[in-house]
Amino acid sequence: EKAATNGEEEKPQHRATGICSWVVELWLLFVKKKTRDAMRVAEVESQAMEQRTLHTREATKQAFELALSHCGFGHNNHLIWVSYLDFVKGWNKDSELTPGTSEHAAATQQQMMQLRSIYQRLVTHPMTGLDQLWHEYEAWERNQSEALAVAFNQEFSPKYQHARTVYLERNRVYNKETELQMGQRLAVPPVRREDGKDKDEYVGQMSEELRLTTAWKKRCSYERTNPERVSNSELVVRIRTSYKEMVCVLARHPETWQMWATYELFRNAGGSASSAEVATPGEAVSVLQLGQEMIPSSILLVYEEARIVELYGQQLYEKGGGSSCLRVMERALERFPTTLGFVLYQQMVRRYKGIRDARAVFGRARRVLVGPGDSSMGNGVTGERGEEGDTPGDGTETDPTGMEAMDTTSSQSVEVAPKERWLATNKLDPLIGAPSSQSKKTQQDTSIVGRITWHLYAAHASMEHRMNRSPEIASRVYELGLRRHKHFLTKATYVMQYAELLLELADTMNLRALMTRAVAACQASSAPSSSLVPLWDMALRFEMICSGADPACLGNVGTIERQRRETMYGPDLEDVATGGFVGASDTALIGAQKSSIAEQLVRAEGYDLSSNIVSGLGRTVDVLQVMGLWGSGKFKSTIRKKTHEATDAATDSEDMPGGESDSSYQLRLEFANMIASGDDDGEGLGGGSRSLTARQRMQQQTVGGGAGPTTAIMLAIQQMPDWIRPLLFLLPASQLRLPVVAKPPPHLVEIALNTLLQNQLPAKRPSDKLESGNNAKRKANDDSSDDEDGTGTSGFGNAFRARQRARLSDLVAGS
């Protein structure tokens, strides 16, 4: 109202009142302030006592009415209603009017009408203590008039019952104190994964945060159903207030602002949200701008605002949404430059300004953003070519990607001979990834430094390839990314996109070099092993394609397949005795060294030959899946449900190009993979510790150090209880002559733990070498516990072993 009076532009509702307009405690302070201000004004004007009382009473009444319009229906609304009732009930207590006079009767009548108005409004709102207030209202009406009490009871009793029903229903849907934590939780940033944070603590915090956000989503969704059956204008206020309550608790979560803005954008004239053609972009943009003030680093909120401005710009700005959405992204990049911001901004610039300006954005992003592994603060600020004569790639000068050769008015690209392309992926080039001499001397053109990721180069290369129809320039962009940021080689998605482009260009030399260097970089770095799978698949697929035209490539296919198999599985994961996974089945220990059959085969035949013998057909199927010639291209993680057998069987028959026996073999592979992953649909197909995936078993085996062959001691520790395995991994490694295959009794575990606690372990590992001489060898007899085992080393006697086994059996049977 003040803005309209002064001729100013009217602000959005949430901007005018603030996001804390639902807090009753703040409105009670507001009422007290208004009352105190009115009393001061009356005192300054030297008003008479009666006039001063009326002035203060009217100011306080207006303050209460304003407060009720904002918080009379929300959290703790009973506080404001009860305070209003107490205020009106005390009007005539300190009055100097003489009873029986007309002035006193008029004041009493005015008080009665005001109390009736308050009572009749509050009983229609769900609130704490509603039953008590209803009974209080009934008693008050009966004191005034029995006839009116009956009439008003018949009129307002259904409204009271509905309000009471809604209040009880709300308590079933959510609890404001325990679930929503209203008034109990500050708007702290979301949980982040930090180094050194305990995993259980992190999981607990994430679970609590997920529970909280889910509860708030349910609360706002419930209010959109209009449970109180209010009018359309009131429904908008109720829903908007619920979103205000949510952002007060989750102000640092961008999804809360997006939900609120989406409602404001698509709410129709009826107050509810819909996908109607008539949208309200002004309110939505204002909400998103407020969210950006709370979360300046959120590019997602910026992008949401830019999309709304772009789509509904005609309703917001005279010039339309094209230039307006560009201004939105520019302000965000000046405030907090990120890779995502530059990529989205570049796409909009390409859409509205053209190729050259979009390329200039790419050059600006490379100057502003820096990577964590860069030795200089500017990524290609100037002199990006280094020793090969690079110059800035800002789109206005000569560009190292060859983008200046692209005519901005033509969609045809300039043909560049493959021999002129930079061999940035050549593994023999020692200059790859080295910072240029000129880039070390340059200074950054902005004080705000953002973090660069591979998405900047991949997005620009995709734009050059698909939109500008310049695949050669796109390849140079990929090469520039590898040159300036060598850690991009460990990013499988970036390498795969570049490899797909080289495969499309039939550049076999660079493609082979790229895959070789990428695999080597991933193996040398701390990148997860899962990142190697798509790289090996791409290399295998490429060699298979090349072998179709060149028989000499068949040798490369076999080499890549062997390296891929050993990297993805290897003797640490694949059991070459059964074709399954290590630890998935009971392992028999054989030989004098008490090792598994798989270990014996690997030592005697080698891993590749042993794996080919037992899993050769499975490896062939794996290669065919990579080529897209077998099945759906991946194993199914679960077995078919009985209710969908017909549909799945039809799908499987379409995916299987071979005969019935081939299909049956695929089903057996899927079933074996399902058992190994522990996914048995709860029907008891797996069980116990075997339900762990092979990767999880390997992680358990390598907790105490680097990965190595599965020895007897590792198998024995694997079958120990979960809570004792970390302690066993801390013990110094030693030869386990008698593998403890059976699970030890609980009392022996307790004795072992007490012994470890009472005795300090030696600081230095004892020597494993045996003493030589007569003392190291004693003659064997049945009662000796140090008999010779025929191999020249000491071991336990047969009689001692028999007694120990009998004793353990008795203890297990007794327990």
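Predicted, not measured: the structure shown is a model, and the values here were computed from it. What you see as residue numbers is a count from 1 along each chain, following the sequence as written. Given that the model is predicted, a residue must reach a pLDDT of at least 70 before its local features are reported, and side-chain atom pairs must reach 80 or more before they are shown or counted; all residues, however, enter totals for whole chains, interfaces and linings. In computing side-chain properties, one takes all heavy atoms of the structure into account and sets aside hydrogens as well as water.

A. Fine view of the packing of aromatic side chains. Each Phe, Tyr or Trp ring (for Trp, its six-membered ring) is paired with any other whose centre lies within 6.5 Å, and the angle between the two planes then decides the class: stacked below 30 degrees, edge-to-face above 60, tilted in between. This structure, assessed with the given rule, holds 18 aromatic pairs. Linked through ring pairs, F362, W454, Y457, Y478, F488, Y494 and Y498 together constitute an aromatic cluster. Here, a charge over a ring is recorded when the distance from Lys NZ or Arg CZ to the ring centre is within 6 Å and its angle to the ring normal is within 35 degrees. The side chain of R565 reaches across the aromatic face of Y569, ending 4.3 Å from its centre.

B. Molecular detail of the side chain of R57. Only DSSP runs of H or I covering at least 4 residues are called helices, and only runs of E covering at least 2 are called strands; the numbering of each starts at the N terminus. Mapped onto the secondary structure, R57 falls in helix α4 (residues 49-71). Only protein chains enter the accessibility calculation, which uses a 1.4 Å probe; a residue whose area is less than 20% of its type maximum is buried, one above 50% is exposed, and one in between is partly exposed. Under this rule, positive means Lys or Arg and negative means Asp or Glu; His and the chain ends count for nothing. By definition here, a salt bridge exists when the distance from a side-chain nitrogen of Lys or Arg to a carboxyl oxygen of Asp or Glu is within 4 Å. As a buried residue without a salt bridge, R57 has its nearest oppositely charged side chain in E50, at a separation of 5.8 Å. Any two residues having at least one pair of non-hydrogen atoms within 4.5 Å are treated as being in contact. Setting aside chain neighbours within four positions, we find R57 in contact with F87 and W91.

C. Highlighting helix α6 (residues 102-122). Every helix has an expected span of 1.5 Å times one less than the residues it contains. Its 21 residues give α6 an end-to-end C-alpha distance of 30 Å, which sits within 8% of 30 Å, the value for a rise of 1.5 Å per residue. A107, Q111, M112, Q114, L115, R116, I118, Y119, Q120 and L122 are the residues of α6 that are buried. Of the surrounding elements, those touching the buried residues of α6 are α4, α5 (77-89), α7 (130-144) and α8 (146-173).

D. Spatial organisation of helix α10 (residues 232-249). Along its 18 residues, α10 runs 26 Å from first to last C-alpha, staying within 8% of the 26 Å computed at 1.5 Å per residue. A large share of α10 lies buried, amounting to 14 of its 18 residues.

E. Quick peek at the nonpolar core. Within this scheme, the nonpolar core is defined by two criteria: the residues are buried Ala, Val, Leu, Ile, Met, Phe, Trp, Tyr or Cys, and they are joined through side-chain atoms within 4.5 Å. Judged by nonpolar contacts, the single largest core of 103 residues is most densely connected at W257, L456, Y457 and L535. Beyond its immediate stretch of four places on either side in the chain, L456 contacts T339, F342, V343, F362, A365, R366 and L369. Listed in part, the 30 residues of the second largest apolar core include W27, A63, V123 and W134.

F. Molecular detail of the confidence of the model for the protein chain. Per-residue confidence from the predictor is given as pLDDT, running between 0 and 100. Taken residue by residue, the protein chain gives an average pLDDT of 75. The fraction at 70 or more is 69%. Looking across the protein chain, the model is least confident in helix α1 (residues 2-5), with a mean pLDDT of 38, and most confident in α5, with 95. Throughout residues 375-398 the model reports pLDDT below 50, and contacts reaching past four residues in sequence, or to other chains, amount to 68 contacts. When the criterion is pLDDT under 50, residues 681-695 qualifies, and its contacts beyond four places in sequence or with other chains add up to 30 contacts.

G. Main features of the side chain of E464. Note that E464 resides in helix α18 (residues 455-467). A relative accessible area of 0% means that E464 is categorised as buried. Here a polar contact means two N or O atoms within 3.5 Å. Within protein one must be a hydrogen donor candidate and the other an acceptor candidate, and residues neighboring in sequence count only if both atoms are side-chain atoms. Within the local environment of E464, its side chain forms a polar contact with the side chain of R359, the two groups lying 2.8 Å apart.

H. Fine view of empty space enclosed by the protein. Here a cavity denotes a set of grid points, spaced 1 Å apart and computed over the protein atoms alone, in which a 1.4 Å probe fits but from which it cannot get out, and a pocket denotes an open set meeting protein on both sides within 12 Å along at least five of seven lines; residues with an atom within 4 Å of a point are reported as lining. Grid points are joined across faces, edges and corners, and a volume is the space filled by probe spheres set on the points. Scanning all chains against the criterion turns up 5 cavities of 30 Å³ or more. Considered as a void within the structure, the largest cavity measures approximately 80 Å³ in volume. Forming the boundary of the largest cavity are F73, G74, R170, K176, R219, E223, E228, R238, T241, S242 and E245. Mapped onto the lining of the largest cavity, the elements with two or more residues apiece are α9 (199-224) and α10.

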